[in-house]
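Below are the chains, spelled out letter by letter.
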2 protein chains.
Amino acid sequence: MKATYKDVKSDILSKITKGEWAPGSLVPNEVDLAATYGCARATVNRAMRELADDGLIERRRKAGTRVRMTPIRQARFDIPIVRAEIEEKGAEYRYSLVSSSIEPAPDWLRARLKLSDKSKVLRLVCMHYADGDPYQHEDRWINLTSLPQAQTVDFSDVGPNEWLVSTIPFSDVEISFSAGLADKRLTDYLTCAIGDPVFTIERSTWWEGQSVTYVRLTYKPGHRLTTRY
Amino acid sequence: MKATYKDVKSDILSKITKGEWAPGSLVPNEVDLAATYGCARATVNRAMRELADDGLIERRRKAGTRVRMTPIRQARFDIPIVRAEIEEKGAEYRYSLVSSSIEPAPDWLRARLKLSDKSKVLRLVCMHYADGDPYQHEDRWINLTSLPQAQTVDFSDVGPNEWLVSTIPFSDVEISFSAGLADKRLTDYLTCAIGDPVFTIERSTWWEGQSVTYVRLTYKPGHRLTTRY
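These numbers come from a predicted model, not from an experiment.

A. How the structure looks around the overall build of chain A. The helix and strand inventory of chain A stands at 7 helices and 10 strands. Taking 2.2 N^0.38 as the reference for a compact globule, 229 residues should give roughly 17 Å; the C-alpha atoms of chain A span a radius of gyration of 24 Å, well beyond that estimate. Dimensions of chain A along its principal axes, counting C-alpha atoms only, are 65 × 40 × 30 Å. Relative to its 229 residues, chain A shows a buried fraction of 48%.

This is the structure we're talking about:
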């Protein structure tokens, strides 16, 4: 039977992990590898592409393919819609719109999203509950220049994230994780104490070069974002 | 000129984002698409694989390929070696080993890593500095059953992460992000105040089914982990 790309990948992987192919060393070319494994060059190519994606080898057009000196550890996080996140835990999801207003973009937001002087934004404050307990506080700004139709949406039933995901299926995203402290305003929503540590996700989204939205998601104290890979 | 996989991908992408291919709808099969685009089936296959990786389509062996109802937003984070992270900011990296000891594994660690009663661990406490300022506190446990050679390594010059990355190039990892508060012990290392919010990464690593190491990395207050995709 012909070698599959998985056979090739796992054989090369073991050569790397056992040190047979040393960090920094040049990897044989795909034609030679295809001859060695008795398979098509496309099969070798697919194995190499996955090894590159896994951070084990580095492919450079002119310098050739080498074993990485220090493999990159890449973590992939699914950023689920909060409804799915809560329902996956077996809890009942409840959404509530706290406030909705159209405002001139504040200076810090104009700077962050490179908005013009006169940009107006739709600001939405929402809460997400799991089995009735506060789970996530959402503070969201939507750029009405790039997404004017947001003005006509009733966000009292559908959260802005769900609406945005179905409206803008593909976009550039900048995401930051950080630790903060609950202030007076947050303690009311999250039923926690002032000074409790809170995990925060900030996300800015662009669509075809235009900024669309900025959101700050603050989780109840004790929240952990976990992934396995 | 023949359509490249990028041409095919971007054309399909625009069909999805413009709603021409509706969420949940069946995607034409690859043979038909190859005929439409006048390219090889492998070209279509590669485009489809990337669209699946991007979370836009869902490929199921029997049910066929469909446009996803709600695209998954997947964030990829590079978890760099702290030295590279600091040097990329243009700062000078300094590493310091605070303490090193061989101990019986504490109960919470035995539970977390499924270690046997008599497991011994190498515990290393380290600090990482950027231009002389505290940057990251590392509290690390290494399972000596699976990695006995760790006992013979001198960690006063090389940090355990760098050593582990070059020793175990590929492994299963569980990683958690959370927010915590600096306690008395951490304030001394990170020169911050008790109760300052700190961003924490915890990582457990397995290699061929055996637990290898658990580490808790605590960053100086104000640290943000950011990625763009």
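B. View of the sheet that holds strand β4 (residues 93-104) of chain A. Within the open sheet, the 7 strands sit side by side as β4(A)-β5(A)-β6(A)-β9(A)-β8(A)-β7(A)-β10(B). Their pairing is antiparallel. Of all the strands in the sheet, just β4 of chain A together with β10 (224-228) of chain B have a single pairing partner and so form its edges. Looking at each pair of strands side by side, their axes are set apart by 15° on average, direction ignored. When strand β6 (residues 133-143) of chain A meets strand β9 (residues 210-219) of chain A, the two strands line up antiparallel, connected through 7 bridges. Among the inter-strand pairings, A:R140 is bridged to a residue of β9(A), identified as A:V215.

C. Structural detail: the packing of aromatic side chains. Inspection of every chain in the model, using the stated rule, returns 16 aromatic pairs over all chains. For the ring pair A:F199 and A:Y219, a centre distance of 6.2 Å and an interplane angle of 35° mean the geometry is tilted. Of this pair, A:F199 sits in strand β8 (residues 197-207) while A:Y219 sits in strand β9; the two residues are 20 residues apart in sequence, bridging distant segments of the chain. Across this residue pair, the class does not change: A:F199 and A:Y219 are buried. Three or more aromatic residues joined by ring pairs form one cluster here, namely A:Y135, A:F177, A:F199, A:Y219, B:Y135, B:F177, B:F199 and B:Y219. In this arrangement the basic side chain of A:R94 is found over the ring face of A:Y129, its NZ or CZ atom lying 4.7 Å from the centre.

D. View of the pattern of salt bridges. The tally for this structure, following the rule as stated, stands at 32 salt bridges over all chains. The partner of B:R46 in a salt bridge is B:E50, with the nearest N and O atoms 3.9 Å apart. With a gap of 4 residues between them, B:R46 and B:E50 both fall in helix α3 (residues 41-53), about one helical turn apart. On the accessibility criterion, B:R46 (25% relative accessible area) is partly exposed. Look at the salt bridges and you will find they share partners, linking A:R112, A:E202, A:R216 and B:R224 into a network.

E. Here's a closer look at the environment of A:S10. Residue and element names in this part refer to chain A. Here S10 is to be found in helix α1 (residues 5-17). Judged by relative accessible area, S10 falls into the partly exposed class, the value being 44%. Note: C-alpha distance between S10 and V215 (205 residues apart in sequence) is 42 Å.

Cut-offs used in this document
Residues numbered from 1 in each chain as written. Chains lettered and ligands numbered in written order. Predicted model: local features only at pLDDT ≥ 70, side-chain atom pairs only at ≥ 80, totals over all residues. Heavy atoms only, no water. Helix = DSSP H or I, 4+ residues; strand = E, 2+ residues; numbered from the N terminus. Rg over C-alpha atoms; globule rule 2.2 N^0.38 Å. Buried < 20%, exposed > 50% of the residue type's maximum accessible area, 1.4 Å probe, protein only. Pairing = 2+ DSSP bridges. Axes fitted to C-alpha atoms, helices over the stretch in contact; angles between N-to-C directions. Phe/Tyr/Trp six-rings, centres within 6.5 Å; stacked < 30°, edge-to-face > 60°. Lys NZ or Arg CZ within 6 Å of the ring centre and 35° of its normal. Salt bridge = Lys/Arg side-chain N within 4 Å of Asp/Glu carboxyl O.

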